[in-house]
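Descriptive analysis of the structure
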Amino acid sequence: MTMLCKVGFVRRCTTTLSPALGSFASRQKHSLPDLTYDYGALEPHICAEIMQLHHSKHHATYVNNLNVTEEKYQEALAKGDVTTQVALQPALKFNGGGHINHTIFWTNLSPNGGGEPQGELMEAIKRDFGSLQKMKEKMSAATVAVQGSGWGWLGFDKESGHLRIAACSNQDPLQGTTGLIPLLGIDVWEHAYYLQYKNVRPDYVKAIWNVVNWENVSDRLAAAKK
C-alpha cells in the first residue's frame, strides 16, 4: 500500500493555559510525520522494506516513548519531584533526539534527489570544503567512522557563518549537543541499512548521496541564516 503524504517538521510540544482552568495545562502530543514519497520510491538505493520498518516502526517507537516520557516528566514537575525529573533526562534526550533526527532525515531524502546543490549552498560548500566532492568525502568518512550507532551531519555554525561536519552518537541531536544547526543527516544505525547492505556501512553511505534532497538542504541553510 502506498503512502503519499505531506512531511512536516518536528511537531513540538505546546502548552496552553486556559484562563478558566487557571493552573491546568494541556499538551499537544508529538506525532509521526508522514512521507511525501512511497516507501519504495528511494530504490534501488534504499529498499522499501527498510523504509517501511525504519519509518513506521523505529521512528514511531521514538515518538511513542517521547510522549510517555514527557507525561511522566510533567507529573514530576507538578509534584516538584526533582529526582524523577533528573532520572527522565536520558529518555527525553534519546527519544526526543530520535524524533528530531528522523523528522529531518525523511525530508533530506527524495526520489528526485542526487546531483548537485545550487546557489548559496553550493557556494558555501566550495568556500568551506573546496568542492562538493571533498565535502562528500569528508562527511562520508566521519559518518562511516561512527562507533556503534549514530549520525553523520552537515551543520551550520551560526556564530562563524560556516558549514561544519560532525558526528553524533546514538540519537544525540546535533543542535542540542554541538550548537550546530542541522542541514543534512545520515543515519548509521543498523536498522537504516542492514537488511540491504548487511555490515558494509560504506556502501550504504555512498549510495545515499544518490537520493539526497539538496533543495531541502538549501532551504534549511536559508532558514538557519535568518
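Described in the following lines is the structure provided in the data block. (Residues numbered from 1 in each chain as written. Predicted model: local features only at pLDDT ≥ 70, side-chain atom pairs only at ≥ 80, totals over all residues. Heavy atoms only, no water.)

1. With respect to the overall build of the chain
When helices and strands are tallied, the chain shows eight helices and five strands. Element order for the chain, N to C, with α for helix and β for strand: β-β-α-α-α-α-β-β-α-β-α-α-α. When each of the 226 residues of the chain is scored for burial, the buried share is 44%. Contacts spanning at least 24 positions in sequence make up 68% of the contacts within the chain whose residues lie at least 6 apart. For the chain, the accessible surface area stands at approximately 11,700 Å², while carbon and sulfur atoms represent 52% of it. (Helix = DSSP H or I, 4+ residues; strand = E, 2+ residues; numbered from the N terminus. Buried < 20%, exposed > 50% of the residue type's maximum accessible area, 1.4 Å probe, protein only. Contact = heavy atoms within 4.5 Å. Areas by Shrake-Rupley, 256 points an atom, 1.4 Å probe, with all protein chains shown as cover.)

2. Description of the packing of helix H3 (residues 119-129) against helix H8 (residues 214-224)
H8 packs onto H3 with a crossing angle of 80° between their chain directions and a minimal axis gap of 8 Å. Of the possible angle classes, the one that applies to H3 and H8 is roughly perpendicular. Taken together, the residues of H8 that come into contact with H3 (itself represented by Glu120, Leu121, Ala124 and Ile125) are Trp214, Val217, Ser218 and Leu221. (Axes fitted to C-alpha atoms, helices over the stretch in contact; angles between N-to-C directions. Parallel < 35°, antiparallel > 145°, perpendicular 65-115°, else oblique.)

3. A short note on the pattern of salt bridges
Under the criterion given, the structure shown has five salt bridges. Across the pair Glu71 and Lys29 runs a salt bridge, and its minimum N-O distance is 3.0 Å. In this pair, Glu71 sits in helix H1 (residues 48-79) while Lys29 sits in the loop between strand E2 (25-27) and H1, placing the two residues 42 residues apart along the sequence. Note that Asp128 and Arg127 form a salt bridge whose closest N and O atoms lie 2.8 Å from each other. A relative accessible area of 46% places Arg127 in the partly exposed class. (Salt bridge = Lys/Arg side-chain N within 4 Å of Asp/Glu carboxyl O.)

4. A closer look at the environment of Trp209
For Trp209, the location among the structural elements is in the loop between helix H7 (201-208) and H8. Taking the C-alpha atoms as reference points, Trp209 and Gly114, separated by 95 residues in sequence, lie 5.8 Å from one another. Excluding residues within four positions of it along the chain, Trp209 makes contact with Gly114, Met135, Lys136, Met139, Ser140, Leu184, Ile186 and Trp214. Side-chain polar atoms of Trp209 contact the side chain of Ser140, separated by 2.9 Å. Of note is the side chain of Trp209, whose polar atom sits 3.5 Å from the backbone oxygen of Val205. (Polar contact = N/O pair within 3.5 Å; in protein donor to acceptor, adjacent residues only side chain to side chain.)

5. Structural notes on H3
Three- or four-residue spacings in an α-helix give side chains the same orientation, since the helix completes a turn every 3.6 residues. The complete set of buried residues in H3 reads Leu121, Met122, Ala124, Ile125 and Phe129. Within H3, the buried residues cover an arc of 160° as seen down the axis, which keeps them to one side. Those residues of H3 that are buried are in contact with helix H4 (132-144), strand E3 (150-157), strand E4 (162-169) and H8. A positive backbone phi angle near 100° is found at Gly130, which sits one or two residues after H3. (Arc of directions from axis to C-beta.)

6. Remarks on unusual backbone geometry
Omega for the peptide link from Glu43 to Pro44 comes to 5°, which places this bond in the cis form. In this model, Asn170 sits at a positive phi of 50°, which is unusual for a non-glycine residue. The phi dihedral of Lys198 falls on the positive side, at around 55°, and the residue is not glycine.

7. Observations concerning the pairing of E3
In terms of residue burial, E3 counts as a mostly covered element, since seven of its eight residues are buried. Where E3 and E4 come together, eight bridges link them in antiparallel fashion. The residue bridging Trp151 from the neighbouring strand is Cys168, located in E4. Linking E3 to E4, which pair antiparallel, is a turn of four residues; within it Gly161 sits at a positive phi near 80°. Relative to strand E5 (residues 181-187), E3 runs antiparallel, the two sharing six bridges. Paired with Trp153 across the bridge in E5 is Gly185. (Pairing = 2+ DSSP bridges.)

8. Some details on the nonpolar core
Residues Met135, Leu163, Tyr204, Trp209 and Trp214 are the most contacted members of the largest nonpolar core, which totals 51 residues. Considering each element in turn, this core owes the most residues, five residues, to H3. (Core = buried A, V, L, I, M, F, W, Y, C linked by side-chain atoms within 4.5 Å.)

Purely geometric numbers; function is a separate question.
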